[in-house]
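Here is how the chains run, residue by residue.
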Amino acid sequence: QVQLVESGGRWVQPGGSLRLSCAVSGHTFSTYLAWFRQHSGKEREFVAGMRWIGDNRKYADSVLGRSTIGRPHEGDAVWLQMDSLQPEDTAVYYCAAKRDGVPASVSSAYSYWGQGTQVTVSS
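Presented here is an overview of the structure given in this document. (Residues numbered from 1 in each chain as written. Predicted model: local features only at pLDDT ≥ 70, side-chain atom pairs only at ≥ 80, totals over all residues. Heavy atoms only, no water.)

**Focus on the pattern of salt bridges**
Point 1. Scanning the model with the defined rule gives 5 salt bridges in all.
Point 2. The partner of Arg-57 in a salt bridge is Asp-55, and the shortest N-O contact between them spans 2.7 Å.
Point 3. On the basis of relative accessibility, which here comes to 38%, the residue Arg-57 falls in the partly exposed class.
Point 4. Across the salt bridge formed by Arg-66 and Asp-89, the nearest N and O atoms sit 2.7 Å from each other. Residue Arg-66 is located in the loop between β6 (55-59) and β7 (67-70), and its partner Asp-89 is located in the loop between β8 (77-82) and β9 (91-98); the two are separated by 23 residues in the primary sequence.
Point 5. With a relative accessible area of 0%, Asp-89 lands in the buried category.
Point 6. Where salt bridges share partners, they join Arg-37, Glu-45, Arg-66 and Asp-89 into one cluster. (Salt bridge = Lys/Arg side-chain N within 4 Å of Asp/Glu carboxyl O. Buried < 20%, exposed > 50% of the residue type's maximum accessible area, 1.4 Å probe, protein only. Helix = DSSP H or I, 4+ residues; strand = E, 2+ residues; numbered from the N terminus.)

**Here's the deal with the environment of Thr-68**
Point 1. Along the chain, Thr-68 turns up in strand β7.
Point 2. Among the residues examined, Thr-68 registers a relative accessible area of 31% and is labelled partly exposed.
Point 3. Not counting the four nearest positions on each side in its chain, Thr-68 is found in contact with Arg-57, Tyr-59, Trp-79, Leu-80 and Gln-81. (Contact = heavy atoms within 4.5 Å.)

Below, the structure written as structure tokens:
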């Protein structure tokens, strides 16, 4: 059973940067992890994803070029670095996982979810 705990969400000014972290346990080398976000009153949308081992990094068009998913050299965690943040990036951000290692951008493909962390971008 994969367990995920997000942290790092906070308020940030437009144009600023933020790094979210997701502590991961119960995973395997092939586990695929992803970040989703959910705007108030809307469905969760894919942001970025990667395999625990083997990269296979994917990004949503909305964040491509200004976001990076990765993990530390040591430690069981995955982070999401977001730059050039704008108000439309305001959302609850979730870490998700699936065991088959296959990239997916739909929330229904993921069996494991964290509790979410709030990101607010405003001046």
